[in-house]
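Inside the fold
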Amino acid sequence: MSEAGHVLAIDQGTTSTRAIVFDRRGVPVGVARREFAQHYPADGWVEHDPEDIWRDTVAVMRGAVAEAGLGASDIAAIGITNQRETTVVWDRRTGEPVHRAIVWQDRRTADLCRRLVEEGCGPLVRRKTGLLIDSYFSATKIAWILDHVPGARERAERGELCFGTIDSFLLHRLTGGRVHATDATNASRSMVFDIHRQDWDDELLALFRIPRAMMPEVLDSSAEFGATEPDLLGRPIPITGIAGDQQAATFGQACFEPGMVKSTYGTGCFALLNTGGTPVESRSNMLTTVAYRLDGRTTYALEGSIFIAGAAIKWLRDGLGIITHASQTDDMATRVPDSHGVYLVPAFVGLGAPHWDPQARAAVFGLTLDAGPAHIARAALEAVAYQTRDLRDAMVSDWSAAHEVTSDALRVDGGMAANDWLCQFLADMLDLPVERPAVIETTALGAAGLAGLKAGVYRDQAALAGAWRCDRRFEPRMEPSHRARLYDGWLDAVRRVRRER
């Protein structure tokens, strides 16, 4: 076991950057967080400034260690978890980005993706990557930057530019430019990584016109990634764990057995079902992805991705002004007996799984003169549960074709999981118990677990599973007929935003 008994997790999300220090028991002892600016240059475009993210990362790392009352000598290792698919291209020598980061929500390449589907490229991409062709993933974002930044394609072909998701960009900066790498989970979200061979695929790189010289080295999720520059925290600290945010949450929720399911509620909502060492091809528009890779052995998952969950609550605050803080939605939801027939379909940037409709747009249905802010707030929360039901039904269909569904509960995490009303409505809509862990920041906990395994802070996965604790279990209590009536109304609302008749 490592003498230094703490792990520092960097949790770089879509709207904020956090750092959390965990002790040997997996308990948070120091936290720091900063929100950063979102940029919307055009309809459906979303960008981040990588320099904002870098500055905030350094600040929260130092802040979390200071709040814990620790020094650099107390930190055994660093783990990184990140918003996936968000694409950065930077100069290999200087580390300077050539363009703002194009965020996973961004839809600017939807037309290119549609053209590739029409040309029949979908089966090739699906077979090798487990993904559908969609602008959600990194490949077409890379191509867009190379095509629209003057000289970028030529520089990339000469090996002067690096591509990376946020983890890779931060790793390059943290190590003083010495390391250009990522882990298998982030690589699996690029649309150019063969999840079966566990390597970048030359045929797909050619399809998207991406030079292989840009791509990072792909390592296990728990590995020796390098060490930080001494001046960042006072001494070099090993970076020994990296995973995309949803895979990190799966690890933090100790969903280590096939059939276990977790769902994370942040800006979006993402449900993963562990399928073990065998990738399961979805027949329901779910994604086949890498859950984690340890000691060269890959564990796979089925994933359903919802683009808008917590972001809809942010819209209630910043767009409509009917709340001033997200926590108010709990009170507003309980203030009214029901949503009064109001449905909010939060397709602000299109619909994700299982619909994959980039042209759909958000809408509120069922408004009457006696509907008010509380009904709209409740409808926004209910939409999260309805979308989770969409995902679970699709994943269960895929998994149960060859396996018994063994999960007896849904493990939830993320900021929205602190909302008791939402957790209860989730249980009611899924007709399944919902378990909220004692440590709700499981994304950061998963990154810490991966880093701590390699650094010797945590003994093995069994020890991590044994440390998982349930804070509260929500049992379903809704009448089946009422559940069916509510969900039918949701399906009708979704049909309308997709212009289906």
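In this convention, every chain numbers its residues from 1, walking through the sequence in written order. Given that this is a predicted model, residues contribute local features only at a pLDDT of at least 70 and side-chain atom pairs are listed and counted only at 80 or more, while totals for whole chains, interfaces and linings are drawn from all residues. Processing note: side-chain calculations cover all non-hydrogen atoms of the structure and skip hydrogens and water entirely.

Our focus in this paragraph is the overall build of the protein chain. From N to C terminus, the protein chain includes 17 helices and 23 strands. Its C-alpha atoms give the protein chain principal-axis dimensions of about 60 × 50 × 45 Å. Of all 501 residues assigned to the protein chain, the portion counted as buried reaches 64%. For the protein chain, long-range pairs separated by at least 24 residues make up 72% of all intrachain contacts whose partners lie at least 6 apart in sequence. Exposure was quantified through the Shrake-Rupley algorithm and a 1.4 Å probe, taking into account, for residues, occlusion by the shown protein chains and nothing else. Summed over its atoms, the accessible surface of the protein chain is roughly 18,300 Å², and 49% of this surface lies on carbon and sulfur atoms. Secondary structure elements follow DSSP: runs of H or I of four or more residues count as helices, runs of E of two or more count as strands, with numbering from the N terminus. Relative accessible area decides the class of each residue, using a 1.4 Å probe on protein chains only: under 20% of the type maximum gives buried, over 50% gives exposed, and in between gives partly exposed. Here, residues are in contact when the closest pair of their heavy atoms is within 4.5 Å.

Taken in spatial order, the six strands line up as β3-β2-β1-β5-β14-β13 in an open sheet, and their pairing is mixed. In this open sheet, the two edge strands, each paired with only one partner strand, are β3 (28–35) and β13 (222–227). Pairwise comparison of adjacent strand axes, ignoring direction, gives a mean angle of 25° for this sheet. Two elements, strand β5 (residues 75–82) and strand β14 (residues 238–244), share five bridges in a ladder whose sense is parallel. Residue pairing across strands places isoleucine 78 opposite isoleucine 239, the latter belonging to β14. Every axis corresponds to a line fitted to the C-alpha atoms, with the helix fit spanning only the stretch in contact, and the corresponding angles, defined between N-to-C directions, vary from 0 to 180 degrees. Packing of helix α1 (residues 50–67) onto the sheet brings it into contact with β1 (6–12), β2 (16–22), β3 and β5, and relative to β3 it is tilted by some 155°. The sheet strands contacting helix α10 (residues 245–252) are β5 and β14, and the helix crosses β14 at an angle near 105°. Any two strands with at least two DSSP-identified bridges between them are counted as paired.

Here leucine 381 is to be found in helix α13 (residues 373–400). Spatially, the C-alpha atoms of leucine 381 and tyrosine 343 are 10.0 Å apart, while their sequence positions differ by 38 residues.

Let us look at helix α15 (residues 442–455). Given 3.6 residues to a turn, an α-helix orients residues that are three or four positions apart in the same direction. Here, expected helix span is obtained from the residue count minus one, scaled by 1.5 Å. Between the first and last C-alpha of α15 there are 19 Å, a value that for 14 residues agrees with the 20 Å anticipated at 1.5 Å per step. By the burial criterion, the buried members of α15 are Thr442, Thr443, Ala444, Leu445, Gly446, Ala447, Ala448, Gly449, Leu450, Ala451 and Gly452. Glycine 456 sits one or two residues past α15 and shows a positive phi near 85°.

As annotated in UniProt, the feature "binding site: sn-glycerol 3-phosphate" (unreviewed entry) corresponds to Thr14, Arg84, Glu85, Tyr136 and Asp245 in the numbering used here. Locating tyrosine 136 in the fold gives a position in the loop between α3 (122–129) and α4 (138–148). Its relative accessible area of 0% is what places tyrosine 136 among the buried residues. When sequence neighbours within four positions are dropped, the list of residues in contact with tyrosine 136 reads Arg84, Glu85, Trp104, Arg107, Lys141, Arg189, Phe270, Leu287, Glu303, Ser305, Phe307 and Trp356. Side chain to side chain, tyrosine 136 and arginine 84 meet in a polar contact 3.3 Å long. By the element assignment, aspartate 245 lies in helix α10. UniProt positions are given in the numbering used here, feature names are shortened, and annotations may be inferred rather than shown by experiment. Polar contacts here mean pairs of N or O atoms no more than 3.5 Å apart (in protein, one a potential hydrogen donor and the other a potential acceptor; neighbouring residues in sequence count only if both atoms are side-chain atoms).

So, about helix α11 (residues 310–320). Regarding α11, the residues found buried are Gly310, Ala311, Ala312, Ile313 and Leu316. Check the buried side of α11 and you find it contacts α12 (328–335) and α13. Immediately beyond the C-terminal end of α11, within one or two residues, lies glycine 321, with a positive phi of roughly 75°.

Any Lys or Arg side-chain nitrogen found within 4 Å of a carboxyl oxygen on Asp or Glu counts as a salt bridge. Summed over all chains, the structure comprises 46 salt bridges. Put simply, aspartate 201 and lysine 128 hold a salt bridge, and the shortest N to O gap is 3.0 Å. Of the two residues, aspartate 201 sits in the loop between β11 (199–200) and α8 (202–207) while lysine 128 sits in helix α3, which places them 73 residues apart along the sequence. Here aspartate 201 matches lysine 128 in class, with each residue buried. When the shortest N-O distance is used, the salt bridge between aspartate 471 and arginine 436 registers 3.5 Å. Placement of aspartate 471 in strand β23 (residues 470–474) and of arginine 436 in strand β22 (residues 434–437) is noted, with a sequence separation of 35 residues between them. Its relative accessible area of 47% is what places aspartate 471 among the partly exposed residues.

The omega torsion of the bond from alanine 353 to proline 354 falls at -5°, within 30 degrees of zero and hence cis. Position of proline 354 among the secondary structure elements: in the loop between β19 (343–345) and β20 (363–365). The backbone of glutamine 198 sits at a positive phi, close to 55°, despite the residue not being glycine. For glutamine 198, the location among the structural elements is in the loop between β10 (193–194) and β11.

The exposure class of lysine 128 is buried, given its relative accessible area of 12%. With sequence-adjacent residues up to four places away left out, lysine 128 is seen in contact with Phe193, Asp194, Ile195, His196, Asp201, Glu203 and Leu204.

Take the sheet that holds strand β17 (residues 287–294) next. If you walk across this open sheet you meet the seven strands as β17-β18-β16-β15-β21-β22-β23, and the pairing is mixed. Across the chains shown, the open sheet's two edge strands, defined by having one partner strand only, are β17 and β23. Averaged over all pairs of adjacent strands, the angle between strand axes in this sheet comes to 30°, irrespective of strand direction. For β17 and strand β18 (residues 297–306), the ladder comprises seven bridges, and the chain directions are antiparallel. Its bridge partner lying in β18, leucine 294 is registered against arginine 297.

Attention now goes to the UniProt feature "binding site: ATP" (unreviewed entry) in the protein chain. The residues that UniProt annotates with the feature "binding site: ATP" (unreviewed entry) are Thr14, Thr15, Ser16, Thr267, Gly310 and Gly415. Spatial clustering of the annotated residues is evident: they stretch over 402 residues in sequence, but the largest pairwise C-alpha distance comes to 12.7 Å. With respect to the secondary-structure elements, threonine 15 resides in the loop between β1 and β2. You can call threonine 15 partly exposed: its relative accessible area is 22%. When residues no more than four places from it in sequence are discounted, the contact partners of threonine 15 are Arg34, Glu35, Phe36, Gln38 and Thr267. Mapping serine 16 onto the fold places it in strand β2. Setting aside its immediate chain neighbours within four residues, serine 16 contacts Asp11, Arg33, Arg34, Glu35 and Phe36.

We now examine the nonpolar core. Considering soluble globular proteins, one finds that nonpolar side chains tend to be buried as a cluster. Put simply, a nonpolar core is a bunch of buried Ala, Val, Leu, Ile, Met, Phe, Trp, Tyr and Cys residues held in one set by side-chain atoms that sit within 4.5 Å of each other. Counting 111 residues, the largest nonpolar core has Val192, Ile210, Met214 and Val345 as the members making the most contacts within it. Tallying contributions element by element places α13 first for this core, with 14 residues.

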